[in-house]
Amino acid sequence: MQVLDSEVDAKDILKDALGVHVNTAVPASGVAMDSRATNPGDIFVAAPDALQYIPMALSQGAVLVLAEASQAELPELSDFGTAPIVPIQNARMAVAKLCQHMYAPVPNTLLAVTGTNGKSSTVVMVRQLLGHLGISAASLGTLGVGISGPTSEGVGISGPAFEGVSGPAFESVSGPAFESVSEPTFEHPPAAEDLSQENVNRILSNISVPSLTTYDPVSLHKILNKLSLAGVQCAAIEATSHGLHQRRLDGLSFDAVALTNITQDHLDYHNDMDAYIAAKMRLFAELARDGASAVIKAGCDARILDACAQKHLKIITYGVQYGSQDSSQNSQRGAQSSQYGSPPADLAITSYATNASSITFDLRVYDRIFERVTYHGSGLFQLENLLCALGLILGAHGALVLDDLVAAIPYLSPIPGRMELVGTHNGASIFVDFCHTPDAFVTVLSELKNIPHNNLVIVFGCGGDRDKTKRAQMGRIAVQLASRVIVTDDNPRFEDPASIRKDILEGTQGAGPDHRVTEIPGRRVAISQAIADLAKGDILLVAGRGHELYQKVMGNEILLSDRIYIQSTINTVNSQ
């Protein structure tokens, strides 16, 4: 049933999906959970904190209200028409199940990734790999909605990732980012694709892509329905702890699910790590279909493995595990000692060599060995995300030719804002990364230290109205791993930027000479100063915002893309 552009009697849907009985026909054409976005013909679902908005939804044409409240709690609504108002037990669950029935079909294959870091990169890699194999696929998450491969409307994506995204994505970056990349080690022409922004907008017409990483259930189901009708066969979705806890993904059944990692984040919302982990476990324990594949990083939390076992999920492990060559050779190729032990992972990087713009590595997939594969991006953590993406695809599409899948890897476009080399100045390399947690800081700075360099400089701040306990930690990590630290503003939101910087600077005390740590209010000023001070062989990391286009200050969104501002600054300096 597809009702985006038509009206149906939802009486049976309400009974079958929710056990809600109404005595008359319900001529519905959609679902809404935001009174401001309610359209004539919608069923409005009200959570406990939204009961006061029921009159607005009714005035805008809602034909039925499902309210998480007792009859006595409902407001006096006699002035707003005769639409039925039905009390229910769980509004979030209700809206997800209702959307499942109202906005069908969705793509045949659904994949989801959770974890503190790496979700965006993984879903984009899944999309790109499938697209190069001629399978139409979409990715949904922080970076917006992207489509790759042929669809029934002849739409696909090629070139820089998300260059045709609808919604809160980013402008593509030109310049010297990957000019020195060597050619792939083997020939495999990319899938023939033709994309324009107009085509993508047509597929997603009349749908606003939310700025959330995991979309609200109404937007999510509408988008998936549109993608399916356009011929998209597979959708890879980012699953955040907030989204899982708030049941935004309920109503979907996933063919393969994945965990990248779990480290401290979002404790302002979850209060402690146990609650944070429990939210992520829902993906495996409740949302994966029985017998689905679970792609797990080797050495993950045992609670996740227990959840997989209870759901009879097929576990696919991945990780960086050396052993095909001796340790001295691995050291010469830039490898770090393995943090994983026995047994060996199903998908593994056995050795690698890296530079500022690419990584060449040996890959083992079960008992198959692929030597000297090239990924045109930076960061060992991106190889881990690549392994996760391969695991998801193999878990859901086991019949794919593995050789073709591996042959597509050199044609992956770098993930914007994820250890992305966006420019050079005075012989120094400038990277942008979205890292905004202590673990991500350690990962990215450690990766950059492996690249031959003179000084490693970092510019960063911390987000306002978020977990304050990680600010001093990130300050400590920065001074431990970087040669010079510039503390500035990130997205202060409704907090005083100076107060946020003070929290960070508490972690930098005792760092050594004063010149190692500098506080510069204003992100543009800090970036400009850092670039001006670069010398040959230096590396500059601008951290925390990655792909983001807007800085959030006191309720306002100010246009500021780190990637674009860096390139503009370089161009201005070079033209003087």
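A few points on the structure. This structure is a prediction, so every number in the text was calculated from the model and none was measured. (Residues numbered from 1 in each chain as written. Predicted model: local features only at pLDDT ≥ 70, side-chain atom pairs only at ≥ 80, totals over all residues. Heavy atoms only, no water.)

### Things to note about the nonpolar core
Okay, so step 1: Counting 46 residues, the largest nonpolar core has Leu129, Phe361, Leu363, Tyr375, Leu383, Leu386 and Ile409 as the members making the most contacts within it.
Okay, so step 2: Broken down by element, the residue count for this core peaks at 10 residues, all from helix H12 (residues 380-396).
Okay, so step 3: Discounting residues that sit within four places of it in the chain, Leu363 has contacts with Ala348, Ile349, Arg368, Ile369, Phe370, Leu387, Leu390, Val406 and Ile409.
Okay, so step 4: Core analysis: the next-biggest nonpolar cluster, separate from the first, contains 34 residues, Ile147, Ala235, Val257 and Ala288 among them. (Core = buried A, V, L, I, M, F, W, Y, C linked by side-chain atoms within 4.5 Å. Buried < 20%, exposed > 50% of the residue type's maximum accessible area, 1.4 Å probe, protein only. Helix = DSSP H or I, 4+ residues; strand = E, 2+ residues; numbered from the N terminus. Contact = heavy atoms within 4.5 Å.)

### Here's the deal with the environment of Leu64
Okay, so step 1: Tracing the backbone through its elements, the reader meets Leu64 in strand S5 (residues 64-67).
Okay, so step 2: Among the residues examined, Leu64 registers a relative accessible area of 0% and is labelled buried.
Okay, so step 3: When near neighbours in sequence (up to four residues on either side) are disregarded, Leu64 contacts Leu14, Val22, Val26, Asp42, Ile43, Phe44, Ala83, Pro84 and Val86.

### Thoughts on the packing of aromatic side chains
Okay, so step 1: A full pass over the atoms with the stated rule returns 1 aromatic pair.
Okay, so step 2: Relative to Phe460, the ring of Phe441 lies with its centre 4.9 Å away and its plane at 75°, an arrangement referred to as edge-to-face. Separated by 19 residues along the polypeptide, Phe441 in helix H14 (residues 438-449) and Phe460 in strand S19 (residues 456-460) bring together distant segments of the chain.
Okay, so step 3: Judged by its relative accessible area of 0%, Phe460 is buried. (Phe/Tyr/Trp six-rings, centres within 6.5 Å; stacked < 30°, edge-to-face > 60°.)

### So, the sheet that holds strand S3 (residues 30-32)
Okay, so step 1: An order of S3-S4-S5-S6 is seen for the 4 strands of this open sheet, with the pairing classed as parallel. In this open sheet, the two edge strands, each paired with only one partner strand, are S3 and strand S6 (85-87). Sheet twist, expressed as the mean angle between neighbouring strand axes with direction ignored, is 20°.
Okay, so step 2: Relative to S5, strand S4 (residues 42-46) is paired through 4 bridges, and the arrangement is parallel. Paired with Ile43 across the bridge in S5 is Leu64. (Pairing = 2+ DSSP bridges. Axes fitted to C-alpha atoms, helices over the stretch in contact; angles between N-to-C directions.)

### A closer look at the packing of helix H1 (residues 11-18) against helix H3 (residues 91-102)
Okay, so step 1: Interhelical geometry of H1 versus H3 gives an angle of 130° and a closest axis separation of 10 Å. The pairing of H1 with H3 is recorded here as oblique in orientation. Both H1 and H3 take part in a crossing whose hand is right-handed. Taken together, the residues of H3 that come into contact with H1 (itself represented by Ile13, Leu14, Ala17 and Leu18) are Ala94, Lys97, Leu98, His101 and Met102.
Okay, so step 2: When the residues that make up the contact of H1 with H3 are grouped by side-chain class, the tally is 7 nonpolar, 1 polar and 1 charged. (Parallel < 35°, antiparallel > 145°, perpendicular 65-115°, else oblique. Left-handed = near helix turned anticlockwise from the far one by under 90°. Nonpolar A, V, L, I, M, F, W, Y, C, P; charged D, E, K, R; others polar.)

### Section: the pattern of salt bridges
Okay, so step 1: Counted by the stated rule, this structure contains 17 salt bridges.
Okay, so step 2: Residue Arg247 is joined to Asp250 by a salt bridge in which the shortest nitrogen-to-oxygen separation is 2.7 Å.
Okay, so step 3: The salt bridge partner of Arg545 is Asp562, with a shortest N-O separation of 3.1 Å. In this pair, Arg545 is assigned in the loop between strand S22 (539-543) and strand S23 (550-553) and Asp562 in helix H18 (residues 562-575), connecting sequence segments 17 residues apart. Neither Arg545 nor Asp562 differs from the other in exposure class; each is buried.
Okay, so step 4: If you follow the salt bridges from partner to partner, you end up with Arg247, Asp250, Arg282 and Glu286 in one network. (Salt bridge = Lys/Arg side-chain N within 4 Å of Asp/Glu carboxyl O.)

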